[in-house]
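A structural walkthrough
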Amino acid sequence: MSVSENYLRHISESGIYKSFFKNHPDAVYISDLDGNYLDANPACVKIFGYSHDEFLSMSFKNLVIPERLPESYRVLKELREGKSLSFETTILNKYGHRVELHVTDTPIVINGRIVGIFGISKDITEQKRTERALRERSERYESLKKYNPNGICSIDITGAVMGANPAFERITGYALHELLGRDVIQMIVDLDEFPEARTLCTQTSVKNIELQVTHKDGYSVDVSVTSVPIIIEGEQIGCYIILEDITEQKRTRQELVETQQMYQRLVDNSRDAIGIMENGKWVFMNKAGVQLFGAANESEIIGRDYYDFLHPDHHEASRKIVEIALSGQEIDVAEVKWIKLNGMVFDAESHAALFGATSIQVIIRDITDRKRAETNMMNAEKLTAVGQLAAGVAHEIRNPLTALKGFTQMFHQTSTEANRRYFEIMKAELERIEMILSEMLVLAKPQATHFEQHQVETILREVITLLSAQAVMKNVMIQTDFEQGVPTVLCESSQLKQVFVNVIKNGIEAMPSGGNLLVRLKSRDKNVCIEFIDEGVGIEEEHIPKLGEPFYTTKEKGTGLGLMVCYKIISAHEGNMEIHSTPGKGTTVRIRLPVE
C-alpha cells in the first residue's frame, strides 16, 4: 500500500470524519486516482449491496453499466485535473439491479498534490423512475402496441379486450374491432385442452405458459403466453396478454432434440471411445471409453485430468495438438499410447477436434489387436525365413560337422596334455553349433507329433532331475510347489520337455551368483498353469516384447532360437507363454496349457 493510500485511509478513520462517514445517509467513499475504492461508509453497503471488504476490492469500473463507462472515464480525467464534479450515472448493484445515482466527486489535495477522490453518491433510482413514469406514460402504451413483434392485448378483470396491437391481430387472425369487448381467451384457446389459461386475466404476478391458440382460419399456432397484471394505485384492473409465436422455435427445438438424440445414439453405440475434455479435464466419456480405460462407470473418469490417461511420451505433442484444435484447425489421426486405470498401456489411433467453443472431442480407437496381428505376421514371416534358411543350410553343415567332431575326438585322445585344453574348447563349440542346427531344424520342418494325455508334474520332475546337477554346479536351488490333483493335458511330452528344459536352463543361467528357482504347478480356469520364478538379473521392460523373435537374445552367446521354439511349441499346444520381469529382482515365465 502506498503512502497516499495510507494517508487516505487515515482521513476516513480520523475523529474528524469518522462520524461523518458512519452516519451519512448517502454512500460516502474514498478512492485512489485510478478509481479503486479505499474506504466506504455503511450506506455504501446498503446502496451497492456489497460487503465492506467486497466493496474495497472493486473500482467504479466494476459497478458502472457499460454504456456509462466512457462518461465515467471522462469524469475521472477531469478529477485528476483538480475539478470537482456533480453528475448522474447508473450502476448495477450486487444483485444485478440498476441503481441510479447523483454523484459528487471532489479531488483530495495533500501538499498541493492530488492524491485521491472523495465522493458522495445519492440513490435517486425512485426519483428517476417517477420522472420517467410521468414522461413516458402517454407514449408507452401506444409504442408497446405498435412496435412490439409479439402480440399484445390489454384485457380487463373480466377478460374483455380493451386494446390490441397489430402483431396480436396477425397471430390470431382477428381485427381489433372483432376483439374489442369480447373474452379473447375463450375466443382463441381450447380451455378443455389448456385449462390453466382460465386464470390468465386474474393473475397477480407475471405468469408464462405455452399453449396453442386457434387462428381465425382454423389452424393452430404454438405460442408462449405471458400474463402481466395491470395495477393502478394498488388495485388490479386487468392484465396484458403477450403472445409470442413459437411455432418455428418449437419445430427447430424438436429438430435439435432429434439431432441430439441421434448423435447421442451414435456416441453411445460407437465401438470407438469418444470423450470430451475441457480445460484439460474429461467432462464426458461414452460407454466404449469407460470399458476401454477399464473403469466401472463414467464417474471414475469424469473430472480427472486428461493427461492422467495419456502416456508421458505424448504429453508435449498433445499440448500442441490441443492448441491447434482449439484454434479450429483440422488435426490428422495420430497413433498414441494411452494408460488404463489399472496402469496397462495400450496403443490407439486418436483424433482431436474442436467441440463447441472451448471443448475438445477426442476419438480413441484401440489398435492393440491390430498391432498384435501385425507383429504376429512379421514374426511368421521371420519364422518362414528362418525355416527356409535352416532347410537350405542345416543339412549341408551337419555332415561336415559330424566329420569335424569325429576327428576332433580322435586328436583329443592322442593329444598332449598341453594341447588337450584347446581340443576341449573346440569340442564344446562344435557341440554348440550342433545344438543351434538342431533348433533350426525344429523350425525348418513340421515335427511329427503324437498327442497323448500326460501328467505335467511327471514331465517337470524328469526335467528337474535332468538339470539338477547343472543347477548344483551353478549354486542354484530348484524348488517345487506342485498343487495336488492337477489334471492331465493332451500334449507331446517330448516337446513340452524341450520347453521346460529351455526355460529352466535360462533361469539357471540368469543367476550367475546362484539363487533359488521356483517351479510352481497349479490348475486355474480349465488350464494347467506352470510358473518358473528365478531370482536372476531380470530383463529390461523394453526387451520383453521382442523375446521369441528370431535371433533376438539378451544372452551373450544366445541365438534367440530357443525361446522362439518354445513359443512355437506352446502355440501348437493351443496354450500361451508370458514373461514378466523386474531388473535386479528376477523373471517369471508363465505357461498355460488347456485341459481337455
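For the structure, check the block above.
In this report, the structure presented in the accompanying data block is examined. (Residues numbered from 1 in each chain as written. Predicted model: local features only at pLDDT ≥ 70, side-chain atom pairs only at ≥ 80, totals over all residues. Heavy atoms only, no water.)

The first and last C-alpha atoms of helix 16 (residues 493-509) sit 24 Å apart over 17 residues, in line with the 24 Å expected at 1.5 Å per residue. By the burial criterion, the buried members of helix 16 are Gln495, Leu496, Val499, Phe500, Val501, Asn502, Val503, Ile504, Gly507 and Ile508. (Helix = DSSP H or I, 4+ residues; strand = E, 2+ residues; numbered from the N terminus. Expected span 1.5 Å × (residues − 1). Buried < 20%, exposed > 50% of the residue type's maximum accessible area, 1.4 Å probe, protein only.)

Taken in spatial order, the 5 strands line up as 12-11-15-14-13 in an open sheet, and their pairing is antiparallel. Of all the strands in the sheet, just strand 12 (281-285) and strand 13 (334-339) have a single pairing partner and so form its edges. Geometrically, the sheet is characterised by an average inter-axis angle of 40° between neighbouring strands, direction not taken into account. Examined bridge by bridge, strand 11 (residues 273-278) and strand 15 (residues 359-366) share 6 bridges and lie antiparallel to one another. If you follow glutamate 278 over to strand 15, its bridge partner there is serine 359. (Pairing = 2+ DSSP bridges. Axes fitted to C-alpha atoms, helices over the stretch in contact; angles between N-to-C directions.)

Quick look at the pairing of strand 3 (residues 85-92) now. By the bridge criterion, 8 bridges tie strand 3 to strand 4 (residues 98-110) in an arrangement that is antiparallel. Along strand 4, the bridge assignment pairs isoleucine 91 with valine 99. Counting the residues between successive antiparallel strands, the hairpin from strand 3 to strand 4 contains 5 residues, one of them, glycine 96, with a positive phi of roughly 85°.

A word on the side chain of threonine 89. Relative to the helices and strands, threonine 89 is located in strand 3. Given a relative accessible area of 7%, threonine 89 falls into the buried group. Those residues in contact with threonine 89 that lie beyond four places of it in its chain are Val64, Arg68, Ser72, Val99, Glu100, Leu101 and Val103. (Contact = heavy atoms within 4.5 Å.)

All right, on to helix 15 (residues 456-473) then. Residues spaced three or four apart along an α-helix face the same direction, because each turn holds 3.6 residues. An ideal rise of 1.5 Å per residue puts 26 Å on 18 residues; helix 15 measures up with 26 Å between its terminal C-alpha atoms. Taken as a whole, helix 15 has its buried residues at Val456, Ile459, Leu460, Val463, Ile464, Leu467 and Ala471. For helix 15, the elements touching its buried residues are strand 16 (452-454), strand 17 (476-482), strand 18 (489-491), helix 16, strand 19 (515-524) and strand 20 (527-534). Once helix 15 finishes, asparagine 475 follows within two positions and takes phi at roughly 60°, a positive value.

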